[in-house]
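Structure at a glance
Next come the chains, spelled out residue by residue.
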Amino acid sequence: MTAIDHSSVRDPNVLRADMVRALREQDGIKSEPVAAAFAAVPRHRFAPDAPLELAYDLHRTVPVKKDEHGLDISVMSAAHLQAVMLEQAGVEPGMKVLEIGSGGVNAAYLQELVGPEGEVTTVDIDGDIIDRARQCLDDAGYTKVKTVLADGETGVPDGAPYDRVIVTAAAWDIPPSWISGLTKTGRLVVPLTVCGTTRSIAFDRDRDGLISRSYSLAHFVPMQGEGAAEERKVMLREGVAVQTDDVRVPLNAQALNHALDTPRLERWSGAAYDLPDELELFLTLSLPSPARLHAAKDVVGRGLVEASALYGVPALVREDSIAYRTRRANDDTGGFESGVIAHGPQAEDLADQYADLLRRWAKDHRRRGAATFRYLPGPAPSPLPQGAVLKRHGIVTASWN
Ligand SMILES: C[S@@+](CC[C@H](N)C(=O)[O-])C[C@H]1O[C@@H](n2cnc3c(N)ncnc32)[C@H](O)[C@@H]1O
C-alpha cells in the first residue's frame, strides 16, 4: 500500500488524488465512475472547519453536530464507507436519486454520477444541517442538487419514483415510502440495524418486498424522528448491559445480574470459530430469544465476562439466565473453537441450545458464501418464521445457500 506522508502534503488536490488511490487499493472504489466522482468533488469544501487531513482521511468522520450528551447526530461520513455505498448503489447517468441524511458531499458525488441529465434530492430532518448542506453545495458549484427539510421516514414523494434511494443514517426499519418511492428496477441502499449490528445493504425490489444484492458492515449516526430505533437496553451492573430489539425477549435486570454471580458453565462446541460477523448474523437470527451482552474493559479484565462481549456478543436470554459465545485456541478445529458461557438456573439448557447452533453453523453454513437478506413489508406472519426479525413495518430474514 502507498504510504502517505501528510505532514508534507497540504494541497487539497494532492490529498484528493492520494485518497482516490488509497480507496482503490482498499477496495472502497471499484469502478471508474465512482473514482471520477471522488476525484472531481472538492471534499474539503464540505468540511470547511476541519483540518484538510481529516477531510481527506479514508476512515474517519468529520463531526458536524452533537446532541446535548455530546453524541454525534450528524457527521460527514468517512470516505471509504461513502465509496462502498456508492458502489453498492450502482448509480448511472440520467438517474433520479434520493439521499436520506444530508451533509452535501455525498450528494455532490451523486450529482457527478448521474451527470447533467440526472437529478439528486437530499433530505435531512435537521434545519441546521440542511442549511449547511445547501451552502456547501452552492459554494462547491453543485447548485442543481435539491435540498429538502423533512423527516426522511416519509421519503420525498414530490420527486418519486427514484431509481436509487440511499440512506445515510442507521435505520432500524424500512418504512413503506422507501419501497413505494422506488421505480420497478430501483435499488435501496440502507444501513439497516438488525439485532444491534448495522450493515449497509443494497436491496433490489422482489415482488412486494426487497432482496439483497450485497452488504457490508457499517457504522452510522442513528436515524431520528418517526423511524428512530426501537431498542431496549438494561444495565445489569456498572459496565455490563443487555440490549435487544425483540419485544418477546424478557429483560429482568435484577435476575440477570444475580445470574452473573452464580458459577459459570463452560460448554465447548467442537466447531471451528472464524468469520465472526457472519456467525453473529446467523446466531442473532437463530437464537429463540436474541439479545446482545455488552461488557466494559475492566469487567472483562476482572474475568467476570469474556472478551467476546467487549463490542457486544449475541446472547440467549431467559428471565433469570443468560448464555453467550466465547472462543478458545484449538489446533484441531483450525485455529479457534467456539464455545458458550452460561449463568443462572437454566444455564445447562441455554448452553446446550447455543452450542447446537454453533455446530449447525459450522456444519451447514460456514464458508459457504454470503447471506441473502429479504425484507417483507406488511403484517408479520404468526408464528414468526425461524430466522426472521420482527420490525415495525415488516420482517427481515437472512438465509444462506
Ligand atoms: C451521517 S450524516 C449524513 C452524512 C452525509 N450524507 C454526507 O454527505 O456525509 C446523517 C444525517 O442523517 C440525518 N437524519 C437523521 N434522521 C433523519 C431522518 N429521519 N430524516 C432525514 N435525515 C435524518 C441527520 O440529521 C444527519 O445529518
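Conventions used here
- Residues numbered from 1 in each chain as written.
- Predicted model: local features only at pLDDT ≥ 70, side-chain atom pairs only at ≥ 80, totals over all residues.
- Heavy atoms only, no water.
- Helix = DSSP H or I, 4+ residues; strand = E, 2+ residues; numbered from the N terminus.
- Rg over C-alpha atoms; globule rule 2.2 N^0.38 Å.
- Buried < 20%, exposed > 50% of the residue type's maximum accessible area, 1.4 Å probe, protein only.
- Contact = heavy atoms within 4.5 Å.
- Near = heavy atom within 4 Å.
- Polar contact = N/O pair within 3.5 Å; in protein donor to acceptor, adjacent residues only side chain to side chain.
- Areas by Shrake-Rupley, 256 points an atom, 1.4 Å probe, with all protein chains shown as cover.
- Nonpolar A, V, L, I, M, F, W, Y, C, P; charged D, E, K, R; others polar.
- Domains from an automatic or database assignment.
- Buried area = accessible area lost by both parts, 1.4 Å probe.
- Salt bridge = Lys/Arg side-chain N within 4 Å of Asp/Glu carboxyl O.
- Axes fitted to C-alpha atoms, helices over the stretch in contact; angles between N-to-C directions.
- Parallel < 35°, antiparallel > 145°, perpendicular 65-115°, else oblique.
- Left-handed = near helix turned anticlockwise from the far one by under 90°.
- Core = buried A, V, L, I, M, F, W, Y, C linked by side-chain atoms within 4.5 Å.
- Pairing = 2+ DSSP bridges.

Within the protein chain, the regular secondary structure consists of eleven helices and 19 strands. Relative to the compact-globule value of 21 Å for 401 residues, the protein chain shows a C-alpha radius of gyration of 22 Å, a close match. Seen through its C-alpha atoms, the protein chain measures out along the principal axes to roughly 65 × 55 × 45 Å. Buried positions account for 54% of the 401 residues belonging to the protein chain. In the protein chain, of all internal contacts separated by at least 6 residues, the share reaching a separation of at least 24 is 59%.

Quick look at the site of the ligand now. Around the ligand, the surrounding shell holds 26 residues, and the nearest of these are S74, D124, D151, G152 and Q224. Taking E99, its side chain carries an N or O atom lying 2.9 Å from a nitrogen atom of the ligand. Isolated, the ligand exposes 600 Å² of accessible area, and the fraction of that covered by the protein chains is 99%. Secondary structure elements with two or more residues in the shell around the ligand: β2 (72-76), α5 (105-114) and β4 (119-124). Top element by residues in the shell around the ligand is β2. It accounts for four residues. Along the lines of polarity and charge, the residues of the shell around the ligand split into eleven nonpolar, eleven polar and four charged.

Moving on to the domain arrangement of the protein chain. For the protein chain, the domain assignment lists domain 1 (6-227) and domain 2 (235-365). Taking the mean C-alpha position of each, domain 1 and domain 2 sit 35 Å from one another. Counting each side, the surface lost to burial between domain 1 and domain 2 is near 780 Å², with a carbon and sulfur contribution of 49%. It is C195, R199 and Y215 that lose the most area in domain 1 upon contact with domain 2, and together they represent 54% of the buried surface on that side. In this assembly, domain 1 and domain 2 are joined by zero salt bridges. In this assembly, domain 1 and domain 2 are joined by six residue pairs in polar contact (both at pLDDT 80 or more). Elements with a contribution of two residues or more to the side of domain 1 that touches domain 2: β7 (182-194), β8 (197-206) and β9 (209-217). Of the residues contributing to the side of domain 1 that touches domain 2, the split by class is five nonpolar, three polar and one charged.

This model, assessed by the stated rule, comprises 26 salt bridges. Note that D204 and R187 form a salt bridge whose closest N and O atoms lie 2.8 Å from each other. Taken together, the residues span a long stretch of sequence, with D204 in strand β8 and R187 in strand β7 at a distance of 17 residues. A salt bridge links D204 to R213, with the nearest nitrogen and oxygen atoms 3.4 Å apart. Its relative accessible area of 57% is what places R213 among the exposed residues. One salt-bridge network, in which partners are shared between bridges, spans K65, D126 and D128.

Quick look at the packing of helix α1 (residues 12-25) against helix α2 (residues 32-40) now. Put simply, α1 and α2 touch, their axes get as near as 9 Å, and they point 155° apart. It follows that α1 is roughly antiparallel to α2 by the angle criterion. In the packing of α1 onto α2, the handedness of the crossing is right-handed. Of the residues in α2, those touching α1 at R16, M19, V20, L23 and R24 are E32, A35, F38 and A39.

Now for the nonpolar core. Ranked by size, the top nonpolar core spans 50 residues in total, and within it I174, W178, L188 and F203 carry the most contacts. Looking at which domains feed residues into this core, each of domain 1 (6-227) and domain 2 (235-365) gives three or more. Beyond its immediate chain neighbours, meaning those up to four positions away, I174 contacts I179, L188, V190, L192, F203, L210, Y375 and H393. Residues V20, V41, A79 and Y109 belong to the second largest nonpolar core, which totals 49 residues.

Examined against the element boundaries, S74 turns out to sit in strand β2. Look at S74 and you get buried, because its relative accessible area is 8%. For S74, the residues in contact, after removing those within four places along its chain, are P63, V64, K65, S102, I129 and V221.

One open sheet holds the seven strands; their spatial order is β10-β11-β13-β14-β15-β16-β12, and the pairing between them is antiparallel. Strands with a single pairing partner mark the edges of an open sheet, and in this sheet they are β10 (232-237) and β12 (265-272). Ignoring strand direction, the axes of neighbouring strands in this sheet form an average angle of 35°. As defined by bridge partners, strand β15 (residues 321-330) adjoins strand β16 (residues 335-343) across nine bridges and the pair is classed as antiparallel. Within β16, the residue paired with A329 across the bridge is F336.

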